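Notes for the structure review
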Amino acid sequence: MTDALELYDRAAMGLAVRFGIRPRRVATPGGAVALYDGEGRGELPTLVLQHGLGAGNAAQFLPLATVALRDFRRVVCVDLPGHGASPPLARMDPHGLYDAVAHALDTETSGPLVLVGNSLGGAVMLEYALQRPARTHALVLTSPAGAPCTDAERDDTLRVFSMRSARDARAFFARMHRRPPVWSRWMARGVIARFGTPHVQELVASFRDGLSFSPARLAAHQVPTLLAWGTDDRLLPASMLAWWKAHLPATVEEPPWGHCPHLDDPVGFYRRVRAFTRAAR
């Protein structure tokens, strides 16, 4: 039986295709990566949009991507391995995800990139910018993973990702959004199912070994970077934001958003990405 989350994905993909964004798969050494790729009409560099962990996939960004086609030369949305149309890797961990996405971007894009990453996707995009600063025109991170936290904070977050019931799903939405949207009640079953897949749980378990950047690596970071952390984000520990402020050279903003501004305020979020991209020139 098709759930509401799957119906949303299909609708977003159908809309994107109507605007000229085409799905395709790219072979990488670790496994295939699905891209949604559209040629734009604007003068700004190629825009890459990367979603986060679990229930998310590129469909979250596709409505925003259709708008971005008028300002950017090209727009690419990426399905992380084990999400959407990208099959799981043989070993699901953050390093494998990064290697696969980086290979896909290296082989399928050219010129400077504007990288936008949310949550785990933010960590993947930051790693790309650290390793390929010459290719990165600008970097926009929204509530990025990758900052250290205490064991208690980490365990609390991972428990949220191990939901089993509608009550657990409601708690997840309450922590993720500024105000849980009306549609969240219909998405609960799909969210529980996606987080419950073995490959997503394998990825979640890998976070127990640590998923963090070092201050020494970040000190050399020179790419124009915007870090936006919503005041209503209750999914990741607030201590992570404090750590980013202390160690990541970036413009830090705390707008009235939740964990996923591309869902909470897509218009306001897109305008900020566009403005920051233009200023980075």
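Above this text sits the structure in question.
Residues numbered from 1 in each chain as written. Predicted model: local features only at pLDDT ≥ 70, side-chain atom pairs only at ≥ 80, totals over all residues. Heavy atoms only, no water.

1. What to know about the packing of helix 3 (residues 94-108) against helix 4 (residues 120-131)
Going by this rule: Axes, fitted as lines to C-alpha atoms, cover a helix only where it is in contact. Angles between the N-to-C directions of the axes lie from 0 to 180 degrees. In this description a helix means any DSSP run of H or I spanning at least four residues, a strand means any run of E spanning at least two, and both kinds are numbered starting from the N terminus. We call two directions roughly parallel when the angle between them is under 35 degrees, roughly antiparallel when it is over 145, roughly perpendicular when it lies between 65 and 115, and oblique otherwise. Note on convention: near helix rotated counterclockwise from far helix by under a right angle means a left-handed crossing. Clockwise means right-handed. Whether two residues are in contact is decided by their heavy atoms: any pair within 4.5 Å suffices. Residue polarity is assigned by list, with Asp, Glu, Lys and Arg as charged and Ala, Val, Leu, Ile, Met, Phe, Trp, Tyr, Cys and Pro as nonpolar; anything else, Gly included, falls into the polar class.
Viewed as axis vectors pointing N to C, helix 3 and helix 4 meet at an angle of 60°, and their least axial separation amounts to 10 Å. On the basis of the axis angle, helix 3 is oblique to helix 4. As helix 3 packs across helix 4, the resulting crossing turns out to be right-handed. On helix 4, the residues that touch Leu97, Tyr98, Val101, Ala102, Leu105 and Asp106 of helix 3 are Leu120, Val124, Met125, Glu127, Tyr128 and Gln131. Taken together, the residues that form the contact of helix 3 with helix 4 break down as nine nonpolar, one polar and two charged.

2. Concerning the pattern of salt bridges
Let me state the cut-off plainly: What makes a salt bridge here is a side-chain nitrogen of Lys or Arg within 4 Å of a carboxyl oxygen of Asp or Glu, nothing more. Burial classification: accessible surface area is computed with a 1.4 Å probe over protein chains only, and a residue below 20% of its type maximum counts as buried, one above 50% as exposed, and the rest as partly exposed.
Following the criterion strictly, the structure yields 22 salt bridges and no others. With a closest N to O distance of 2.5 Å, arginine 74 and aspartate 37 form a salt bridge. One end of the pair, arginine 74, is in strand 4 (residues 74-78); the other, aspartate 37, is in strand 2 (residues 33-39), and 37 residues separate them in sequence. Residue arginine 74 is classed as buried on the basis of its relative accessible area, which comes to 13%. Residues arginine 135 and aspartate 106 are paired through a salt bridge, measuring 3.9 Å at the closest nitrogen-oxygen approach. Here arginine 135, found in the loop between helix 4 and strand 6 (136-142), pairs with aspartate 106, found in helix 3; they are 29 residues apart in sequence, far enough to count as distant.

3. Concerning the sheet that holds strand 7 (residues 225-228)
The condition that has to hold: Between any two strands, at least two bridges found by DSSP are needed for them to pair.
The strand order across the open sheet formed by eight strands is 1-2-4-3-5-6-7-8, and the pairing between neighbours is mixed. With partners counted over all chains shown, the strands left at the sheet margins are strand 1 (22-26) and strand 8 (251-253), one partner each. Shown here is a sheet whose adjacent strand axes are inclined to one another by a mean of 20°, direction ignored. Here strand 3 (residues 46-50) pairs with strand 5 (residues 113-118) via five bridges, running parallel. Within the sheet, the bridge partner assigned to glutamine 50 lies in strand 5 and is glycine 117. The sheet contacts of helix 4 involve strand 3, strand 5 and strand 6, and relative to strand 5 the element is tilted by about 150°.

4. Examining a nonpolar patch on the surface
Selection criterion: Like charges are joined within 9 Å and nonpolar side chains (Val, Leu, Ile, Met, Phe, Trp, Tyr) within 5 Å, but only among residues with over 30% relative accessible area and no salt bridge; these make up the patches. What sets the accessible areas is the Shrake-Rupley method with a 1.4 Å probe; for residues, cover comes only from the shown protein chains.
Taken together, the side chains of Val182, Trp183 and Trp186 present a nonpolar region at the surface, about 350 Å² in accessible area. Examined against the element boundaries, tryptophan 186 turns out to sit in helix 7 (residues 184-195). Residue class for tryptophan 186 comes out exposed when judged on its relative accessible area of 52%.

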